[in-house]
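Residues per chain, in single letters:
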Amino acid sequence: MGEEAEGGKNGVVLSVKEEYEKLEKVGEGAYGKVYRARERATGKIVALKKTRLHEDQEGVPPTTLREVSILRMLSRDPHVVRLMDVKQGQNKQGNTVLYLVFEFMDMDLKKYIRSFRQTADNLPPMTVKSLMYQLCKGVSFCHGHGILHRDLKPHNLLMDRKTMMLKIADLGLARAFTLPIKKYTHEILTLWYRAPEVLLGATHYSTAVDMWSVGCIFAELATKQALFPGDSELQQLLHIFRLLGTPNEEVWPGVSNLPNWHEYPQWTPQSLSSSVTNLDKDGLDLLAQMLQHDPSKRICAKKAMEHPYFDDLDKANL
């Protein structure tokens with residue numbers, strides 16, 4: 001089928017089809033399809049992410065190659081899903097297709113949280129703590145290399161249920177493939193983890209956008225429910241303001257100059273413990289520092305790892 005790939009043994013170029021057997025489609029995102037596949041040579045199960053490049057491009061654009069090399073470099077961190085290989089091919093229309101070969105993990109945080117929803121049980125407090133620490137560690141590693149994720153959510157956090165190891169996935173793709181191929185109607189782009197500055201139309205944003213998402217995920221691990229489940233950008237903001245108070249120039253200098261700012265209903269901040277049960281005093285303090293309206297006041301990932309909330313965690317195994 002002309003799905004030729006670089007590489008192969010002794011100079012023989014194997015196609016993606018020859019090297020990998022697709023077992024089943026496991027997902028479809030804005031950037032392409034994901035398959036569970038078997039590497040024919042080793043029998044190893046991998047995740048094959050097929051990403052189509054923009055129609056008008058001959059070959060792989062340098063920006064994409066740069067992203068892929070960043071992904072490779074970030075893969076060295078144990079809390080980032082490992083990119084094992086990259087293959088280039090062509091689809092029937094003759095367009096360039098990139099196959100990113102990742103380690104396969106069968107569980108994500110969304111499924112894991114959902115498995116507790118079926119029961120009366122909450123996630124064990126030490127499990128929440130361990131997953132949060134690993135998340136902060138992975139995010140800190142990415143931010144340390146100047147990479148923002150921009151779309152952290154439980155679905156993008158993969159885990160190994162045996163070892164309880166957490167890994168960040170779908171990293172950097174947001175920048176490499178700036179135009180989603182199409183908006184999938186069945187897959188509503190979730191706004192639940194999106195920072196207020198992004199919702200308010202800020203064009204320059206920082207690592208703080210990821211820390212907001214980390215805070216939303218933290219609350220969800222504690223309660224098994226999304227903290228701000230809005231179904232439109234306006235709704236999303238109102239959810240946030242209702243709990244954390246409507247921001248103003250005093251708490252967030254410059255907020256009223258953001259493109260999407262309007263006069264919003266005035267709410268006073270509620271205590272986080274009213275919405276987020278099952279977190280102790282330290283946990284609530286850390287959460288409050290992640291969910292600051294003003295991005296410049298939000299705690300960074302590295303500082304978060306040093307928070308007293310994590311003091312009683314055995315970090316040696318992580």
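Residues numbered from 1 in each chain as written. Predicted model: local features only at pLDDT ≥ 70, side-chain atom pairs only at ≥ 80, totals over all residues. Heavy atoms only, no water.

Quick look at unusual backbone geometry now. Positive phi values are uncommon outside glycine, yet Arg 150 reaches one of about 75°. With respect to the helices and strands, the residue Arg 150 is situated in the loop between helix 4 (125-144) and strand 7 (157-160). At Lys 224, a residue that is not glycine, the phi angle is positive and equals roughly 70°. Relative to the helices and strands, Lys 224 resides in the loop between helix 7 (208-223) and helix 8 (233-244). When its relative accessible area of 8% is taken as the criterion, Lys 224 is described as buried. (Helix = DSSP H or I, 4+ residues; strand = E, 2+ residues; numbered from the N terminus. Buried < 20%, exposed > 50% of the residue type's maximum accessible area, 1.4 Å probe, protein only.)

In this section: the packing of helix 7 against helix 9 (residues 281-290). Direction vectors running N to C along helix 7 and helix 9 enclose 145°, while the axes themselves pass 8 Å from each other. Where helix 7 crosses over helix 9, the handedness of that crossing is left-handed. Residues Met 211, Trp 212, Val 214, Gly 215, Phe 218 and Ala 219 of helix 7 form the contact with helix 9, whose own contacting residues are Gly 283, Leu 286, Leu 287 and Met 290. Among the residues forming the contact of helix 7 with helix 9, the class breakdown is eight nonpolar, two polar and no charged. (Axes fitted to C-alpha atoms, helices over the stretch in contact; angles between N-to-C directions. Left-handed = near helix turned anticlockwise from the far one by under 90°. Contact = heavy atoms within 4.5 Å. Nonpolar A, V, L, I, M, F, W, Y, C, P; charged D, E, K, R; others polar.)

Turning our attention to the UniProt feature "binding site: ATP" (unreviewed entry) in the chain. In the numbering used here, UniProt assigns the "binding site: ATP" (unreviewed entry) feature to Lys 49. Summarising the element assignment, Lys 49 is placed in strand 3 (residues 45-52). (UniProt positions renumbered as here; feature names shortened; annotations may be inferred.)

Bridging between strand 6 (residues 107-108) and strand 7 involves two bridges; their strand directions are antiparallel. When the sheet's bridge partners are listed, Asp 108 is paired in strand 7 with Leu 158. Direction of pairing for strand 7 relative to strand 8 (residues 165-168): antiparallel, over a ladder of four bridges. Within the sheet, the bridge partner assigned to Leu 157 lies in strand 8 and is Ile 168. Counting the residues between successive antiparallel strands, the hairpin from strand 7 to strand 8 contains four residues, one of them, Met 164, with a positive phi of roughly 60°. (Pairing = 2+ DSSP bridges.)

Let us look at the packing of aromatic side chains. Counted under the stated rule, the structure contains eight aromatic pairs. Here Trp 212 and Phe 228 contribute two aromatic rings whose centre-to-centre distance is 6.0 Å and whose plane-to-plane angle is 20°, an arrangement assigned as stacked. Of the two residues, Trp 212 is situated in helix 7 and Phe 228 in the loop between helix 7 and helix 8; the sequence distance between them amounts to 16 residues. With relative accessibility at 0%, the residue Trp 212 sits in the buried group. On the basis of relative accessible area, Phe 228 is assigned to the buried category, the value being 1%. In textbook terms, an aromatic cluster arises when at least three aromatic residues are bridged by ring pairs, as seen for Tyr 133, Phe 218, Tyr 309 and Phe 310. The aromatic ring of Tyr 35 is capped on one face by Lys 22, whose charged end is 4.3 Å from the ring centroid. Stacked on the ring of Phe 104, the Lys or Arg Arg 36 has its end atom at 6.0 Å from the ring centre. (Phe/Tyr/Trp six-rings, centres within 6.5 Å; stacked < 30°, edge-to-face > 60°. Lys NZ or Arg CZ within 6 Å of the ring centre and 35° of its normal.)

The next subject is the pattern of salt bridges. The full count for this structure, using the stated rule, is ten salt bridges. The partner of Lys 167 in a salt bridge is Glu 103, and the shortest N-O contact between them spans 3.2 Å. On the criterion of sequence distance, the pair formed by Lys 167 in strand 8 and Glu 103 in strand 5 (residues 96-103) is long-range, its members being 64 residues apart. Each member of the pair, Lys 167 as well as Glu 103, carries the same accessibility label: buried. A salt bridge links Glu 197 to Arg 298, with the shortest nitrogen-to-oxygen separation between them at 2.8 Å. Of the two residues, Glu 197 is situated in helix 6 (residues 196-199) and Arg 298 in the loop between helix 9 and helix 10 (301-305); the sequence distance between them amounts to 101 residues. (Salt bridge = Lys/Arg side-chain N within 4 Å of Asp/Glu carboxyl O.)

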